[in-house]
Amino acid sequence: MEELLAVVIDGSEPLSAATVKAVQAVCDEAEDRPGSGVVALQVSGAPAQGWTSGLEVMQVSKWERTLRRLERLPRATVAVASGDCGGAALDAFLTCDVRVVTPGTRLLVPGDGTATWPGMAGYRLVQLAGPARVRRALLFGLPIEAPEALALGIADELAYDPAGAVATAAGLVSGLAGKEVAIRRQLLFDASTTSFEDALGPHLAACDRVLRVPVAEAS
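Treat the numbers as computed from the prediction; the structure is a model and nothing was measured. (Residues numbered from 1 in each chain as written. Predicted model: local features only at pLDDT ≥ 70, side-chain atom pairs only at ≥ 80, totals over all residues. Heavy atoms only, no water.)

## Notes on the packing of aromatic side chains
For clarity, the threshold we go by: Classification of ring pairs uses Phe, Tyr and Trp, with its six-membered ring standing for Trp, and accepts pairs whose centres are within 6.5 Å; under 30 degrees between planes counts as stacked, over 60 as edge-to-face, and the remaining range as tilted. Counting from the N terminus, the helices are the DSSP runs of H or I reaching at least four residues and the strands are the DSSP runs of E reaching at least two. Categorising residues by exposure relies on relative accessible area from a 1.4 Å probe, with only protein chains included: less than 20% of the type maximum marks a residue as buried, more than 50% marks it as exposed, and the intermediate range marks it as partly exposed.
Applying the stated criterion across every chain, the model contains one aromatic pair. Measuring from ring centre to ring centre gives 5.1 Å for Trp-51 and Trp-117, while their planes differ by 70°; the resulting arrangement is edge-to-face. Taken together, the residues span a long stretch of sequence, with Trp-51 in the loop between strand S2 (38–45) and helix H2 (57–71) and Trp-117 in the loop between strand S5 (106–108) and helix H4 (120–129) at a distance of 66 residues. For Trp-117, a relative accessible area of 24% translates into the label partly exposed.

This is the structure:
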C-alpha cells in the first residue's frame, strides 16, 4: 500500500506561521522518505473581509516559497477541496498534481479591500485555464463553481467520495518512483514556455536516467 502523508488547510484562517509550518512539515516528511506515495491535502474555507490586516509581505513570500516547494515534491500530490475554497486553501489546491472538488465547491480569489488579492493563485489559474477563462474570477472575485472548474481543467475530478478520490490518486502512482515523478512534472511545467531546442537536453537527460537504471541494478 502506498504511503499517505496528509495535511489540512483552512482557508478561512488568515495566513499564519502555523499554516506555513504545517505545509513545511509534510514537505520535510515527503523529502526525507524516498520512494513512492502520495501527499494529500484537504482544503476548504475562504477568508473573510479584513483578512490581510497585519499581514506582511515577508510572510507572503515565505508562504509562496513553501508552496513552490510543495509543487516540486518528489511525490505525487492530491488536493480535495470542499465548500468555499479561497486564500491559503486555494493557493495549496492549485499546486497539486491531482485536484479534486466535491459537489458545491466554489473556488474564490479573495479581495484585499481594494481589489482581488494579487497572489500567485492568479498566476496558476491562468497557467491552468488561460487568461480569458478566469478573467472574471481574477478581476472581480466571481466564484468558479465546481462544474466550471472541471470544464476548465482547474479541477480533474468531481467526487462524492473524497477518500475514494485520494485512494484512486494513490493507485495512479503505485510503483512509480517519487523522484522520477518530480522530473516528469518539471518537464511538463517547462513544455509550454521552452523551445524544442532548449527542451531537448532535459528530456534526453531524463531518458538517460531511465536507460541507466537496469545497469545500476545489475551492478
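## A few points about the side chain of Arg-75
Short version of the rule: Polar contact criterion, stated in full: a pair of N or O atoms within 3.5 Å, where within protein one must be able to donate a hydrogen and the other to accept it, and residues adjacent in sequence count only if both atoms are side-chain atoms. In this analysis, two residues are considered to be in contact whenever any of their non-hydrogen atoms come within 4.5 Å of each other.
Here Arg-75 is to be found in the loop between H2 and strand S3 (76–86). For Arg-75, a relative accessible area of 0% gives the class buried. One polar contact links the side chain of Arg-75 to the main-chain carbonyl oxygen of Arg-33, over a distance of 3.1 Å. Look past the residues within four positions of Arg-75 in its chain and what remains in contact with it is Glu-3, Leu-5, Ala-30, Arg-33, Ser-36, Gly-37, Val-38, Val-39, Asp-97, Gly-178 and Arg-185.

## Observations regarding the layout of surface pockets
Let me state the cut-off plainly: Residues are said to line a cavity or pocket when one of their atoms sits within 4 Å of a point; the points come from a 1 Å grid over protein atoms alone, cavities being sets where a 1.4 Å probe fits but cannot get out and pockets being open sets with protein on both sides within 12 Å along at least five of seven lines. Grid points are joined across faces, edges and corners, and a volume is the space filled by probe spheres set on the points. Polarity classes work like this: nonpolar for Ala, Val, Leu, Ile, Met, Phe, Trp, Tyr, Cys and Pro, charged for Asp, Glu, Lys and Arg, and polar for all others, with Gly in that last group.
For the largest pocket, the calculated volume is near 630 Å³. Considering the residues around the largest pocket, the lining is formed by 21 residues, among which Glu-71, Gln-127, Leu-128, Leu-188 and Phe-189 are closest to the centre. If you list the elements that add at least two residues to the lining of the largest pocket, you get H2, helix H3 (88–95), H4 and helix H8 (178–191). No other element matches the seven residues that H8 contributes to the lining of the largest pocket. Residues belonging to the lining of the largest pocket are distributed by class as follows: eight nonpolar, five polar and eight charged. Estimates place the volume of the second largest pocket at around 170 Å³. Looking at the lining of the second largest pocket, the elements that each hand over two or more residues are strand S1 (4–10), S2, S3 and helix H7 (162–172). The element contributing the most residues to the lining of the second largest pocket is S1, with four residues. In terms of residue class, the lining of the second largest pocket is made up of 10 nonpolar, three polar and no charged.

## Section: empty space enclosed by the protein
For the coordinates displayed, the defined rule picks out one cavity of 30 Å³ or more. Taken as a whole, the largest cavity holds about 140 Å³ of empty space. Along the walls of the largest cavity sit 19 residues, with Trp-51, Gly-87, Ala-88, Asp-91 and Trp-117 positioned nearest its centre. The set of elements that each furnish at least two residues to the lining of the largest cavity consists of H2, H3 and H4. Its residues assigned to classes, the lining of the largest cavity comprises 12 nonpolar, four polar and three charged.

## Quick notes on the confidence of the model for the chain
This is how it is decided: The predictor's confidence in any single residue is recorded as pLDDT, a number from 0 to 100.
Of all residues in the chain, 95% attain a pLDDT of 70 or more, and the chain-wide mean is 88. Taken together, the stretch residues 215–219 has pLDDT below 50 and engages in zero contacts with residues farther than four places along the chain or on a different chain.

## Regarding the side chain of Thr-105
Within the secondary structure, Thr-105 sits in the loop between strand S4 (98–101) and S5. At 3.0 Å, the side chain of Thr-105 and the backbone oxygen of Ala-81 are in polar contact. Setting aside its immediate chain neighbours within four residues, Thr-105 contacts Ala-81, Ser-82, Gly-83, Ile-144, Glu-145 and Ala-146.

## Topic: H7
Two residues of an α-helix separated by three or four positions point the same way, owing to the 3.6 residues in each turn. Using the following cut-off: Our arc is simply the arc of the directions from the helix axis toward the C-beta atoms.
Considered for burial, the residues of H7 that qualify are Ala-165, Val-166, Ala-169 and Ala-170. Looking straight down H7, one finds its buried side chains confined to an arc of 145°; they lie on one side. Buried residues along H7 sit against S1, S2, S3, S4 and strand S7 (157–158).

## Comments concerning the pattern of salt bridges
Put simply, the rule reads: Whenever Lys or Arg places a side-chain nitrogen within 4 Å of a carboxyl oxygen from Asp or Glu, that contact is recorded as a salt bridge.
Within the structure shown, the criterion is met by nine salt bridges. Of the charged contacts in the structure, one is a salt bridge between Glu-29 and Arg-33, with a shortest N-O distance of 3.0 Å. On the basis of relative accessible area, Arg-33 is assigned to the partly exposed category, the value being 36%. Notably, a salt bridge pairs Arg-106 with Asp-84, separated by 2.8 Å at the nearest N-O pair. With Arg-106 in strand S5 and Asp-84 in strand S3, this residue pair connects regions lying 22 residues apart in the sequence. The exposure class of Arg-106 is partly exposed, given its relative accessible area of 29%. The structure contains a network of salt bridges with shared partners spanning Glu-64, Arg-68, Glu-71 and Arg-124.

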